[in-house]
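The chain contents come next:
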Amino acid sequence: MQTLSFRHKAKRRLSGKKDQAIIGVVASGNLEVLLERVLPETACEVDIATPLNGYDETWKAVVAEFVERTSPGGLRISINDGGARPDTVYLRLMQGSALMEAE
Amino acid sequence: MADWQSEQRVREERLAAGRKFADGKIVAPDNATALLEAVIRPKDRICLEGDNQKQADFLAACLAKADPKVLHDLHVVQSGIVLPEHIDLFEKGIAKKLDYSFSGPQSHAVPRALKSGKIELGAIHTYIELFARYFVDLTPHVALSVARSADRQGNLYMGPNTEDSPSVIEATAFKGGIVIAQVNEIVDKLPRVDIPGDRVDFLVAAPKPFYVEPLFTRDPASITETQILAAMMAIKGIYAEYGIKRLNHGIGFNTAAIELLLPTYAEKLGLKGKIATHWALNPHPTLIPAIESGWVKQIHSFGSEVGMDAYMRARSDIYFTGRDGSMASSRTYCQLAGLYAADLFIGSTLQIDLDGNSSTVTADRIAGFGGAPNMGSDAHGRRHPSEPWLKAGREAVDGHPQVMRGRKLVVQLVETFSEKMVPVFVEKLDSLELAEKFKLDLAPVMIYGDDVTHIVSEEGIANLLLCRTTEEREQAIRGIAGFTDVGRRRDRKMVDKLRKRKIIRRPEDLGINPLDAHRSMLAARSIEDLMQWSGNLYDPPNKFRNW
Amino acid sequence: MMEDAATSAQASWFQATARQRVAGLLDPDSFTEFLGPSERIQSPHLHLFDVPSAFDDGVVIGRGKLGGKDVLVAAQEGQFMGGTFAEVSGAKLVGLVRAARDHKSLPQTVLLLMDSGGVRLQEANAGELAVAELMRAIVEARCAGVAVIALVGGKAGAFGGAGLTTATCSRIVISGQGRTGVSGPEVIETNKGVEEFDSEDKALVWSTDGGKNRRLLGGADAFAEDSMEGFRAATKALMSKVPAFDLKTMQAEQERLAARQKRLCACDDAVSMWRILGIQEPETIRDMDAKKFIALANSIKEANHDAR
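Fair warning: this is a prediction, and the values are worked out from it, not measured in the lab. (Residues numbered from 1 in each chain as written. Chains lettered and ligands numbered in written order. Predicted model: local features only at pLDDT ≥ 70, side-chain atom pairs only at ≥ 80, totals over all residues.)

Regarding the environment of Ala-86 of chain C
Residue and element names in this part refer to chain C. Heads up, the rule is: Numbered from the N terminus, helices here are DSSP runs of H or I no shorter than four residues, and strands are runs of E no shorter than two. Working definition of a contact: two residues with C-beta atoms, positioned from the backbone, lying within 7 Å.
For Ala-86, the position within the fold is in the loop between strand S3 (69–76) and helix H3 (87–102). Distance from Ala-86 to Gly-127, taken between C-alpha atoms, is 4.1 Å for residues 41 residues apart in sequence. Each residue touching Ala-86, except ones within four places of it in the same chain, is listed here: Ser-43, Asp-57, Arg-120, Glu-123, Ala-126 and Gly-127.

Structural data, given as structure tokens:
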């Protein structure tokens, strides 16, 4: 198992009232994403546990694109990866932040 | 004296040798191998059908049992290398040379046999190229065909699985060849005649009904959100935009998603009657909801599909149907339809390079071409205009040239990664490496980039018609290649410019929210749903029944 | 939005995740989770095998309401490690049922959304223990008047320890896609040969272990359409009709099983069993729609009785 950690400074806090959300399932080609609104306004932390080694650059790119797109300030995001493709990871992150934005 | 009728003489000799085992035209199954050894000569060209779906499996097994001392160095000229017995013929030295089209089920065995020298490859063709050569330089000496039933005169009934047979048998029968058919049963009266008995020399009633591959059934439960998103973009950004009424879908989960979104997503967009009305298409079960919802005017098919017989019989307004009420297919005519009568082809692939060339070949897998290269090509011989064809043609040039031509839309519908994290978008096709390894004259390319008009991935649509330079083309492709290495190496500034020129369109540009792509949008979410849509007329094969 | 679509009344139970089933089954906004994912009570063992863990170890537990009535709920995630019983996932189930057993202040109805092939191989001993503990806890809870209802309709079915657990429950709801048994089809084929049981023959597998056969034989008490609404309706109907758990019931069950065996033991397949049960056209059962099938099953004597 490999663990990766990315810290970003988002442009602003993610809107919405939800404290916590979880999306996805740990299965082959899938992943689960836990989002918790526990960090200061513009801080964003993404922690990943994955069974596939050597995809650091891809994870970095996906997370960076997600942060750029969504500005998830205040979120600590934890991922248990089942070997998902990058587009699936990106989709789950977007789905997760949409859940957190719910009023 | 020159002998100008030697073929007829040799034919009579073969027939005489075969008649020793026959009662009229009928040969007992136990004598089938002996018949083949009597009628076939070493170095003959044989077509052992070997279609995309139906298989003359009993005759294949009988031929594989032949004595290699009697039958050897045969030249196989058939569409499909499908059954293990097809490979056995080469392993045993019964067959040596091979010209064919499709080898999906034996895609690993074929390169192995090439490597070991057991197969001497003529060429891999497309279906209609091979059929065309049946009439020029690859005419079979012996055709081993397969039908549902025959009468004692040799008339054959094939039902929905007519497929390649008429072309194979016409070429063989009219050039002095011998035609042998395996049938499920011999009857007094056939439901209809697909092949006249005149063209058939011997019949064998096989002990078991012939095998048919269920190739065109896709379980809606396996369709992913990514595939649904790309399908939504194809419908809104291409079908609606160009007004595509006449079309051909390749098989795959992505195209199945489009079929299942017609009664739901496309209906909401008000597109019924405006798109997807006339089809060149195998009987995909996933089109059932659209048919039932009134989207489809008619369908012509290359072949059949397991489980669809009763449904097609009940929907004869839609499918091509014989006097007996059952469907009739034709690979040759449907390929022609896809080439000249369709305004759009859409299909999927395993690899695309920066020119838009695509391939399904990998280092140790050769699946052949089948029909895709023809379906996915711009037919330069087309002359009759249609709105989509003219619109695409205008997009491909600047200004208003006096001598104009249209373009058929050829769309590659892909996900940026296929299973197991393998990128679809690559700098260089694996096919090039394979060509070197096996010393092929041509690197096998399924669809050439200059025929491709659009590529759709979950990241967006790239319109290659609007590109004017190779650099624009490359960046348009990188711009929808997602998080693959190819995609991450994009020139961001240039991709932005291409987006402004609508060469690249993202979901948002089409008014689509990626998070709306959800399985609940599919008109049917399971095989059971499809069955229920059909009023239980569709009878799913056992392997799909999880209820 | 898309989560709503996955939990709507007509959404497929079979294709849903454990969380989606809980949300789709219970009354809206009534669910409170115990030991939720943010508490990160994960498997202590899986990382040793280079296998990813889940924040909830593949079991969701909590309380909520169904049709206004308070219930405790547990849902196995069949897509995670086959929904298997392991140290944490097993403990959550055992703890929930014991809590109902011991505390009258907690809801006295427990809904077990089963979706499991049995014990997790990487944590085999803990898994086996958990199955044993759970079966005992269910029996003790039933003695104390708790209704324990199994809902079976996921991809893993309820096999192995999950099949045994299901059979220990007060009542069973099953859908057509659902399956329950002990030895799974592949295990039977491996041990007894493909002529005995062809695990690739899906029609055969489902006609034997699937929901329709189980319902008709009396091995399940209600049949649900494969939807959230289907399981809601079937579960609500059963919740109010749970029989007493006593010696008399157990003896009646033994008699019923002996009689069933005598009546049907000469049969080679499900269709012949259904014929003997008095079903007119047993070949039509397989593709019969849920509504029609539910009505038919309700009229068959074998399928409906208190002892099961």
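Some thoughts on the sheet that holds strand S18 (residues 454–457) of chain B
Residue and element names in this part refer to chain B. Where we set the bar: The criterion for strand pairing is that DSSP finds at least two bridges linking the strands in question.
Pairing in this open sheet of eight strands is mixed, and the strands run S13-S12-S11-S14-S17-S18-S19-S20 from one edge to the other. Each edge of the open sheet is held by one strand with a lone partner, namely strand S13 (298–300) and strand S20 (504–505). Pairing geometry for strand S11 (residues 246–249) and strand S12 (residues 278–280), over three bridges, is parallel. Along S12, the bridge assignment pairs Arg-246 with His-278.

Considering the interface of chain C and chain B
The criterion, for reference: Note that Gly is not counted as nonpolar here; it falls among the polar residues with everything else outside the nonpolar set of Ala, Val, Leu, Ile, Met, Phe, Trp, Tyr, Cys and Pro and the charged set of Asp, Glu, Lys and Arg.
Contacts between the two partners involve 17 residues from chain C and, on the opposite side, 14 residues from chain B. For the side of chain C that touches chain B, the elements supplying multiple residues, two or more each, are helix H1 (2–7) and helix H7 (202–209) of chain C. Its residues assigned to classes, the side of chain C that touches chain B shows seven nonpolar, five polar and five charged.

Things to note about the packing of helix H1 (residues 56–70) of chain A against helix H2 (residues 86–100) of chain A
Residues and elements named next belong to chain A. Operational definition: Between N-to-C directions, angles span 0 to 180 degrees; the directions come from axes that are lines fitted to C-alpha atoms, helices contributing only their stretch in contact. With respect to orientation, any angle under 35 degrees is reported as roughly parallel, any angle over 145 as roughly antiparallel, any angle of 65 to 115 as roughly perpendicular, and every other angle as oblique. Whether a crossing is left-handed or right-handed is set by the direction in which the near helix is turned from the far one by less than a right angle, anticlockwise for left-handed and clockwise for right-handed.
Between H1 and H2, the shortest axis-to-axis distance is 10 Å and the interhelical angle comes to 30°. The angle between H1 and H2 falls in the class roughly parallel. For the element pair H1 and H2, the recorded crossing hand is right-handed. In contact with Thr-58, Val-62, Glu-65, Phe-66 and Thr-70 of H1, H2 contributes Pro-86, Val-89, Tyr-90, Leu-93, Met-94 and Ser-97. Taken together, the residues of the contact of H1 with H2 sort by class into seven nonpolar, three polar and one charged.

Thoughts on the confidence of the model for chain B
Test applied: Within a predicted model, pLDDT stands for the predictor's per-residue confidence, ranging from 0 to 100.
Model confidence for chain B is summarised by a mean pLDDT of 96, while 100% of its residues fall at 70 or above. The ipTM value of the predicted complex is 0.95, and its pTM value is 0.94.

Focus: the sheet that holds strand S5 (residues 75–81) of chain A
Residues and elements named next belong to chain A. Strand order in the open sheet formed by five strands is S1-S4-S5-S3-S2, with mixed pairing between adjacent strands. Only two strands of the sheet have a single neighbouring strand rather than two, namely strand S1 (2–9) and strand S2 (20–24). Across the sheet, the mean angle separating the axes of adjacent strands is 10° when strand polarity is ignored. Pairing of strand S3 (residues 31–37) with S5, which is carried by seven bridges, proceeds in the antiparallel orientation. Bridging across to S5, Glu-32 finds its partner in Asn-80. With respect to the sheet, H1 is in contact with S1 and strand S4 (43–50), its orientation differing from that of S1 by roughly 30°.

Focus on the interface of chain A and chain C
Tallying the contact residues gives 17 residues for chain A and 16 residues for chain C. Breaking the side of chain A that touches chain C down by element, the ones donating at least two residues are S2, S3, S5 and H2 of chain A. Classifying every residue of the side of chain A that touches chain C gives 10 nonpolar, four polar and three charged.

Points about the domain arrangement of chain B
All names here are of chain B. As a reminder, the rule being used: Note that the domain bounds were set by an automatic or database domain assignment.
The domain boundaries assigned to chain B delineate domain 1 (24–205), domain 2 (215–342 + 514–536) and domain 3 (344–505). If you look at the interface, domain 1 gives 16 residues, while domain 3 gives 12 residues. For the side of domain 1 that touches domain 3, the elements supplying multiple residues, two or more each, are strand S5 (95–102), helix H5 (109–115) and helix H6 (127–134). Classifying every residue of the side of domain 1 that touches domain 3 gives eight nonpolar, eight polar and no charged.

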